[in-house]
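Each chain is listed here by its residues.
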Amino acid sequence: MLRPILAALALLVAVLVPLPPAAAIPGAGWFPCPEDPAAQCARLTLPVDWADPGGPTFDLAVARRPATDPAGRIGSLVINPGGPGNSGVDAVLRDDLRLSPELAARFDVVGFDPRGVARSHPVLCSLPLARQAPDPLTRDQAGFDRRLAYNARYRQDCRARTGPLYDHVDSASVVRDLEALRAALGEERLTFYGVSYGTLIGQLYAERFPRQVRALALDSNMDHSLGTAEMLDTDTWTTQDSFDAFVSWCATAPACVLRGRDVRALLRDLLDRAGRGELRLPDGPLTPLALLHLTFSTFYAPDWTGLATFLRDLDAGSGAVPPLAPPVPDQEVFNDVTPVICQDYLLPVRDQRAFERHLRRLAAIAPDMRMSPISVSLTVACLGQPAPIPDPQHRLRVSGTPPLLLVNGLHDPATGYPWALSTARQIGREARLLTYDGWGHGAYGRSPCLTGAVDRYLTTLALPAAGAHCPAVPPARGLTAGPRRPAGPVPGLPGWTRRS
């Protein structure tokens, strides 16, 4: 079923607002979660600005599902499902990450909504204003300047609707929240599983609180050392790699409705037609960047059969159904997590000429996909971000932790393998990288080899051999299956979300 995240957030806010905040965790601070009384919920009151602990506060929403084997319980496993913007509370309530029975037996699984997300004082922005955003692919300096002016107006709108927390949703602040949560849970040291953007939280926690770490399993890793060009280049290479894998599959797979056709030429033609305004979806014209977003979104599962069908139907003009859910039309505000990225990554572009140089370089890296639609959209959305930012990029400086387990897909579309290699090198001897030789975003749950290795590490602290790889496991039906990932916002397409 279609499940736009905006409607879900509106419902959750309506349900949860009346609940009293918890004074402490554990003990009386826990109460049955409204959505599932078998799970326990709580609120932890924390400073908006950790540099001003006596100033304004917000409530961090927390949920836990107690270990199913109390006698064998190790402690709490805190999870973060990434995004940014995915709800850790929902991940517990709905089992979004599909953690194994072994982990569910040995740990209380604990999730939290990071500051600015869902139940934890969400960053609120005007959806009508968001949908007025100029095309990120500006054509001249005047258009570039209009985008800068729009970004300033949009930041002002979000800040006015959100309040002081708007300027403190960076991941370094989330790390301080996580440390407070560890202490409130009564855990001497932290056991943590983070996927995608959640790995940045784990990386920064290891850097700031190395002595408080028991085990960190980081799945599909961010690289917090990248500047503008490095971010765009590496993410674009990864995007093209995922499209190349789709083309190779389609050349021989009976399930591919484009088998026998020149898929690269088809995408090129569709992008050209989109540029001329000749392609439409049910809600309006389809721009080239939106087409790249829709194509890219299918790489997460991956849903290659769905992508082939979408491209075929779009080419034929037969009412193609996009692989994303459209926004709720009458929604006035929505939870926009773009400020999280703008406060974690300073990605300046000086002017239109510099922007065009980036685009030409990216087109050479990715002759079919032309760019990473995610990174380009986020770079443009963050133009004009005031500097310095709260959590500037830097090479990780991790020392004194126990061994940390990093896992990554060789063909991950969103957090490419080069980022995992770079992050492991930055961490150094404390890092052990396990490679999954397959596709899709998020490695846990795709392979018994990899899932078993993560489970063993979290439960016993045993590490896989240095340089170990887990073989790819093709899903049963034309590469459409895979771990369920939380639906999340799509940068550059305000209010849209991946279908669930």
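Engineer: When you look at the state of the cysteines in this model, what are you seeing that I'm missing?
Structural biologist: Covalent bonding between the sulfur atoms of two cysteines defines a disulfide. Under the counting rule described, the total for this entry stands at five disulfides. Between Cys 33 and Cys 41 runs a disulfide, and the two sulfur atoms are separated by 2.1 Å. Measuring the twist about the S-S bond at about 105°, one finds the Cys 33-Cys 41 disulfide to be right-handed. Summarising the burial analysis for this pair, Cys 33 and Cys 41 share the class buried. The disulfide that involves Cys 449 links it to Cys 470, with 2.0 Å between the sulfurs. Given an S-S torsion of about -70°, the disulfide between Cys 449 and Cys 470 has left-handed geometry. Of this pair, Cys 449 sits in helix H16 (residues 448-460) while Cys 470 is found in strand S15 (residues 469-470), placing the two residues 21 residues apart along the sequence.

Engineer: Looking at this structure, I do not really get empty space enclosed by the protein. What am I missing?
Structural biologist: Gaps left between atoms are located by rolling a probe of water-molecule size over the structure's atoms. What the rule picks out here adds up to three cavities of 30 Å³ or more. Space inside the largest cavity adds up to approximately 100 Å³. In this structure, the largest cavity is lined by 14 residues; those nearest its centre are Pro 84, Gly 85, Pro 114, Ile 201 and Val 340. When its residues are assigned to classes, the lining of the largest cavity shows eight nonpolar, five polar and one charged.

Engineer: What should I look at first to understand helix H9 (residues 263-275) in this one?
Structural biologist: Note that an α-helix has 3.6 residues per turn; residues three or four places apart therefore point the same way. For H9, which comprises 13 residues, the first-to-last C-alpha distance of 18 Å matches the rise-based estimate of 18 Å (1.5 Å per residue) to within 8%. Buried within H9 we find Val 263, Leu 266, Leu 267, Leu 270, Leu 271, Arg 273 and Ala 274. The buried residues of H9 occupy one face: seen down the axis, they fall within an arc of 165°. Where H9 is buried, its residues meet helix H8 (228-252), helix H10 (288-297) and helix H11 (304-316). A distance of 3.3 Å separates the backbone nitrogen of Arg 264 from a side-chain oxygen at the start of H9, and that oxygen is part of Asp 262. Of the residues trailing H9, Gly 277 is marked for its positive phi of about 75°.

Engineer: Honestly, the pairing of strand S13 (residues 404-411) in this entry has me stumped. Any pointers?
Structural biologist: Consecutive side chains along a regular strand alternate between the two faces of the sheet. With respect to burial, S13 is a largely interior element, six of its eight residues being buried. Bridge count between strand S8 (residues 213-219) and S13: three bridges; the pairing is parallel. Across the sheet, Asp 219 pairs through a bridge with Val 407, a residue of S13. With seven bridges joining them, S13 and strand S14 (residues 431-439) adopt parallel strand pairing. Paired with Gly 409 across the two strands is Tyr 436, which belongs to S14. You can see the chain leave S13, run along helix H15 (residues 417-427) and come back into S14, and the turn it takes is right-handed.

Engineer: Quick question: what am I supposed to make of the packing of H8 against H9 here?
Structural biologist: Helix-helix packing is described using two parameters, namely the angle between the two axes and the distance between the axes. At a minimum axis separation of 10 Å, H8 and H9 run at an interaxial angle of 125°. In this view, H8 runs oblique relative to H9, as classed from their interaxial angle. Contacts between H8 and H9 involve Gln 240, Phe 243, Asp 244, Phe 246, Val 247 and Cys 250 on the former and, on the latter, Val 263, Arg 264 and Leu 267. Considering only residue class, the contact of H8 with H9 consists of six nonpolar, one polar and two charged.

Engineer: Just checking my understanding: could you explain the packing of aromatic side chains for this structure?
Structural biologist: Think of a pair of aromatic rings as described by two things: how far the centres are apart, and how the planes are tilted against each other in angle. With the rule as written, the count across this model stands at nine aromatic pairs. Taken together, a centroid distance of 5.9 Å and an interplanar angle of 55° make the contact between Phe 243 and Phe 246 tilted. Placement of the pair is Phe 243 and Phe 246 together in helix H8, with a separation of three residues, close to one helical turn. Just as Phe 243 is buried, Phe 246 falls in that class too. Plain terms: the ring middles of Trp 249 and Trp 304 are 5.8 Å apart, the flat faces sit at 50° to each other, and that makes the pair tilted. With Trp 249 in helix H8 and Trp 304 in helix H11, the pair connects residues that are 55 residues apart, well separated along the chain. In this structure, Trp 249 and Trp 304 share a single accessibility class: buried. An aromatic cluster is built from Phe 243, Phe 246, Trp 249, Trp 304 and Trp 439, whose rings are joined through pairwise contacts.

Engineer: Got a minute to help me understand H16 in this structure?
Structural biologist: For H16, built from 13 residues, the straight-helix expectation of 18 Å at 1.5 Å per residue is met to within 8% by its first-to-last C-alpha distance of 17 Å. For H16, the N-terminal cap is Ser 447; the gap from its side-chain oxygen to the backbone nitrogen of Cys 449 is 3.1 Å. Looking one or two places after H16, you find Leu 461, whose phi comes out positive at around 70°.

Engineer: Quick question: what am I supposed to make of the pattern of salt bridges here?
Structural biologist: As a working rule, side chains carrying opposite charge can pair if their charged atoms are close by. Evaluation of the coordinates by the stated rule reveals 22 salt bridges. For Asp 157, the salt bridge goes to Arg 161, with nearest N and O atoms at 3.0 Å. Taken together, the positions of Asp 157 and Arg 161, both in helix H5 (residues 141-162) and four residues apart, correspond to about one turn of that helix. Measuring nitrogen to oxygen at the nearest pair gives 2.5 Å for the salt bridge that ties Arg 264 to Asp 368. Here Arg 264 is found in helix H9, whereas its partner Asp 368 is found in the loop between helix H13 (352-365) and helix H14 (373-381), with 104 residues between them in sequence. Note on Arg 264: relative accessible area 29%, which makes it partly exposed. Here the residues in one salt-bridge network are Glu 35, Asp 90, Arg 94, Asp 96, Asp 113 and Arg 119, joined through shared partners.

Engineer: Quick question: what am I supposed to make of the confidence of the model for the protein chain here?
Structural biologist: Note that predicted coordinates carrying low pLDDT should not be read in detail. For the protein chain, the mean per-residue pLDDT works out to 90, and 88% of the residues sit at or above 70. In this model, residues 477-484 is a region of pLDDT below 50 whose contacts with residues beyond four sequence positions or in other chains number 30 contacts.

Engineer: Teacher, can you tell me more about unusual backbone geometry here?
Structural biologist: Working note: non-glycine residues mostly have negative phi, and peptide bonds are mostly trans. Across the junction of Gly 83 and Pro 84, the peptide omega takes the value -5°, indicating a cis bond. Within the fold, Pro 84 resides in the loop between strand S4 (75-80) and helix H2 (88-94). Note the cis peptide between Ala 301 and Pro 302, where omega equals -5°. For Ser 196, which is not a glycine, the phi torsion comes out positive at approximately 60°.

Engineer: Whenever I open this one, the environment of Leu 404 confuses me. Can you help?
Structural biologist: The topology assignment puts Leu 404 in strand S13. In this structure the C-alpha to C-alpha distance between Leu 404 and Arg 429, which are 25 residues apart in sequence, comes to 9.2 Å. Ignoring any residue separated from it by four or fewer positions in sequence, one finds Leu 404 in contact with Ala 206, Val 213, Leu 216, Val 398, Ile 427, Glu 430, Ala 431, Arg 432 and Tyr 457.

Here is what the cut-offs are and how they apply
- Residues numbered from 1 in each chain as written.
- Predicted model: local features only at pLDDT ≥ 70, side-chain atom pairs only at ≥ 80, totals over all residues.
- Heavy atoms only, no water.
- Disulfide = S-S within 2.5 Å.
- Buried < 20%, exposed > 50% of the residue type's maximum accessible area, 1.4 Å probe, protein only.
- Helix = DSSP H or I, 4+ residues; strand = E, 2+ residues; numbered from the N terminus.
- 1 Å grid on protein atoms, 1.4 Å probe; cavity = no way out; pocket = protein on both sides within 12 Å on 5 of 7 lines; lining within 4 Å.
- Points joined across faces, edges and corners; volume = space filled by probe spheres on them.
- Nonpolar A, V, L, I, M, F, W, Y, C, P; charged D, E, K, R; others polar.
- Expected span 1.5 Å × (residues − 1).
- Arc of directions from axis to C-beta.
- Contact = heavy atoms within 4.5 Å.
- Polar contact = N/O pair within 3.5 Å; in protein donor to acceptor, adjacent residues only side chain to side chain.
- Pairing = 2+ DSSP bridges.
- Right-handed = clockwise from strand over helix to strand, strands pointing away.
- Axes fitted to C-alpha atoms, helices over the stretch in contact; angles between N-to-C directions.
- Parallel < 35°, antiparallel > 145°, perpendicular 65-115°, else oblique.
- Phe/Tyr/Trp six-rings, centres within 6.5 Å; stacked < 30°, edge-to-face > 60°.
- Salt bridge = Lys/Arg side-chain N within 4 Å of Asp/Glu carboxyl O.
- pLDDT = per-residue confidence, 0-100.

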